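Here is what each chain is made of, one letter per residue.
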Amino acid sequence: MTKNDDVEQRPAYRTQYFAALTVSMSAVGAGAVLGFNSPASFQLRVAHTGANGSTTNQSDDSFVNVQQLWPSYTANQGADFFFNATDVRATSHDEIVMSTEELSWFMSVFALGALVGGLMSSPLMNTVGRKGTLLASSIPSIAGWVMTGFGRSFPTLLLGRVLTGLLLGISSSAGNAYVGEIASSDIRGLLGSFFELFLVVGIMLEMVVGAYVKWQVLALLSTAPTILFMLLMLFNKESPAFLLMKGKEEEARAALQYFRGPHYCIEKEIADVKDSQKEAQEAKFRLADLKKPYIYKPLIITLTIGMFSQLCGIEVLTSNLSTIFRNAGSDLSENTNSIICIFLEIVAGVMAIFLMERVGRKTLLIISSIFMAASHGSIGVYFYLLEVDEAWTKMHINFLPLVALVTFMLAFGIGLGPIVWILVGEMFPPLVRETAAGITIALVWTSSFLTVLSYEHLHETLHTYGFFWVYTCICALCALFCATVVKETKGKTLEEITKMFVDEIPATETETSKRDVQAS
């Protein structure tokens, strides 16, 4: 083989990087949905304190009453939480004022949209394609941000948040599927890591911009990443695998040639995709398959890790970083502390790319969970001492909340954060991968909704230190589960991973079932 022949057998990377970075813009938009909570909740809590002078809610006791500069409205405080909140009146400062319960819903309801988006993603991807699904998810997202920015009634604001959450659920599924199908095998892992990284970038951008603008303005500015994504996505091709599935072989060949370069031979890839789709059509998934150990065991592991990825408190922390630092009496501004934490989560995401295949999934999960438990425990100790002796605590250990939260963000970013999505892609045989991914995404965002919704109530009931000690116990349970149940998949092919669970099938398993396993 000549040198020129060798060059021609290497795929071109430019179009693949462009496609992956384009999808990453949707991840920035999804990150904006998550990051919006921190500056918005902080401003709304200050408005609540300012409107009531003093409050009996313990969570509001540490907030200062500052002059508000953003235009807004208030719901009748005696009105029913949802349906009767449409009657609004302007306060003397023209502010939106939410009760504790209303604020909990406003901060958490995006996760219901993400849940619906995750469940919608599978049928949408099979109907309008990966590219079409991603483009379609952008429209409700933009509409949701506009409703959040201009909304003057509580139901309108809630609906806006639900619509923005759709992008989060759909892009996490369709975006990763699209990149996985257009990427060549030698850079698939690298391109696949972009999504989580840019998701955190979106969170940080919201916090940076939110430090300088009103939350309504921030909502309108949050449309920018999604609009840019829509424009860029128009220049990308549809997934070749989807086109082949729809019988459009000529278009599939053109798309694959676009992603691999004009001189690359695509025949083997086309043949492999055809064979894979033929096998999938011959082995249709049935609900009864969930009873088989090689399917339900990895499903239980992945679902549990997905649940822990939210119950560890990541969404509660990112949604309330400014509030936590204000309550802790940090020397730095709450916005500066929040930005430092999120920036370091980005650094951790970069580190995870290099550690994943060197250290291993299971080891990183255990280390991540232990350090997150220690971080929650340390913050709980700080707030307990703050109640016992505020002057001594602020004088001697006022650095502790920042150090603990930085540790938490680094630990989450190298372990529990990215690994849950990796497990979704590699733990299941192809027969159930799409269904299992949908179930996992649904559980992840259900857990996210419940944790953010319960924040205000747990905070008031358990005190701040008790609240963090609850999450200490959850992270400790996660470490125990990872150490005793999770299997290591580092360095294993998809076939070898499936075989780990096949080997556990009892001898009484029929030959037909075993053939089904191998077909998967």
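Coordinates for the structure precede this section.
1. Things to note about helix 23 (residues 455–484)
Think of an α-helix as 3.6 residues a turn; residues three or four steps apart then line up on the same face.
At step 1: Look at helix 23: only 30 Å from first C-alpha to last across 30 residues, short of the 44 Å you get at 1.5 Å a residue.
At step 2: The largest bend in helix 23 amounts to roughly 115° and is located at H463.

2. Quick look at the environment of L458
At step 1: Its location among the elements puts L458 in helix 23.
At step 2: Spatially, the C-alpha atom of L458 lies 9.5 Å from that of V470, the residues being twelve residues apart in sequence.
At step 3: If near-sequence neighbours (up to four positions away) are discounted, L458 is found in contact with H463 and F467.

3. Focus on the packing of aromatic side chains
Think of a pair of aromatic rings as described by two things: how far the centres are apart, and how the planes are tilted against each other in angle.
At step 1: Scanning the entire structure with this criterion turns up 17 aromatic pairs.
At step 2: Relative to F481, the ring of F308 has its centre 6.3 Å away and its plane inclined at 50°; by these criteria the two rings are tilted. Taken together, the residues span a long stretch of sequence, with F308 in helix 14 (residues 293–311) and F481 in helix 23 at a distance of 173 residues. Across this residue pair, the class does not change: F308 and F481 are buried.
At step 3: Three or more aromatic residues joined by ring pairs make a cluster, and in this case those are Y382, F383, F467, F468 and Y471.
At step 4: Across from the ring centre of F106, 5.6 Å away, lies the NZ or CZ of R161, which sits over that ring.
At step 5: Over the ring of Y258 we find K237, and its NZ or CZ is 5.8 Å from the ring centre.

4. Observations regarding unusual backbone geometry
At step 1: One non-glycine residue, H463, lies in positive phi territory at about 70°.
At step 2: The exposure class of H463 is partly exposed, given its relative accessible area of 30%.

5. Brief notes about the nonpolar core
At step 1: Grouped together as the largest cluster of nonpolar side chains are 95 residues, with contacts concentrated most on F106, I305, L416 and W445.
At step 2: With near-sequence residues (within four places) excluded, L416 lies in contact with I305, F308, S309, C312, L365, S368, M372, A411 and C478.
At step 3: Counting residues in each nonpolar core, the second largest holds 22 residues, with V23, L135, A174 and I182 among its members.

6. Some details on the side chain of R130
At step 1: Relative to the helices and strands, R130 is located in helix 5 (residues 110–150).
At step 2: Residue classification places R130 among the buried residues on the basis of a relative accessible area of 7%.
At step 3: A distance of 3.2 Å separates a polar side-chain atom of R130 from the backbone oxygen of M125.
At step 4: Not counting chain neighbours up to four residues away, the residues in contact with R130 comprise M125, A174, A177, Y178, E181, E238, S239, F242 and M245.

7. Some words on a nonpolar patch on the surface
At step 1: Where nonpolar side chains cluster on the molecular surface, the patch consists of F18, I227, L231, L234 and F235 and spans about 510 Å² of accessible area.
At step 2: When you line up the elements, F235 lands in the loop between helix 10 (223–233) and helix 11 (240–245).

8. Points about the pattern of salt bridges
At step 1: Applying the stated criterion across every chain yields a total of five salt bridges.
At step 2: For R253, the salt bridge is made with E249, and the minimal N-O distance between the two is 3.1 Å. Residue R253 and its partner E249 are both found in helix 12 (residues 249–260); the two are separated by four residues, about one turn of the helix.
At step 3: According to the relative accessible area criterion, E249 is partly exposed, its value standing at 29%.
At step 4: Note that E269 is salt-bridged to R260, the shortest N-O span being 2.8 Å.
At step 5: Owing to a relative accessible area of 24%, E269 belongs among the partly exposed residues under this scheme.
At step 6: Look at R260 and you get buried, because its relative accessible area is 2%.

Definitions and cut-offs
- Sequence order as written defines the numbering, with residues in each chain counted from 1.
- Owing to the predicted nature of the model, reporting of local features is limited to residues with pLDDT of at least 70; listing and counting of side-chain atom pairs is limited to 80 or more, with chain, interface and lining totals taken over all residues.
- Side-chain measures here rest on the full set of heavy atoms in the structure, leaving out hydrogens and waters.
- A run of DSSP states H or I qualifies as a helix once it reaches four residues; a run of E qualifies as a strand once it reaches two. Both are numbered from the N-terminal end.
- Multiplying 1.5 Å by the residue count of a helix minus one yields the expected span of that helix.
- One axis fitted to the seven residues ending at a residue, another fitted to the seven starting there: the angle between these axes is the bend at that residue.
- Two residues qualify as a contact provided that any one of their heavy atoms is within 4.5 Å of a heavy atom in the partner residue.
- Ring geometry is summarised as follows: Phe, Tyr and Trp rings, the Trp one being its six-membered ring, pair when their centres sit within 6.5 Å, and such pairs are stacked at plane angles under 30 degrees, edge-to-face over 60 and tilted between the two.
- Burial status follows relative accessibility: with a 1.4 Å probe on protein chains alone, a residue under 20% of its type maximum counts as buried, one over 50% as exposed, and anything between as partly exposed.
- By definition, being over a ring means that NZ of Lys or CZ of Arg is both within 6 Å of the ring centre and within 35 degrees of the ring normal.
- Think of a nonpolar core as a cluster: buried Ala, Val, Leu, Ile, Met, Phe, Trp, Tyr and Cys residues, connected wherever their side-chain atoms sit within 4.5 Å.
- Polar contact criterion, stated in full: a pair of N or O atoms within 3.5 Å, where within protein one must be able to donate a hydrogen and the other to accept it, and residues adjacent in sequence count only if both atoms are side-chain atoms.
- Each patch groups residues whose relative accessible area exceeds 30% and which form no salt bridge, using 9 Å between like charges and 5 Å between nonpolar side chains of Val, Leu, Ile, Met, Phe, Trp and Tyr.
- Each accessible area is a Shrake-Rupley estimate made with a 1.4 Å probe; only the visible protein chains count as cover when residues are assessed.
- Salt bridge, as used here, is a side-chain nitrogen of Lys or Arg placed within 4 Å of a carboxyl oxygen of Asp or Glu.

Geometric values such as these leave the question of function open.
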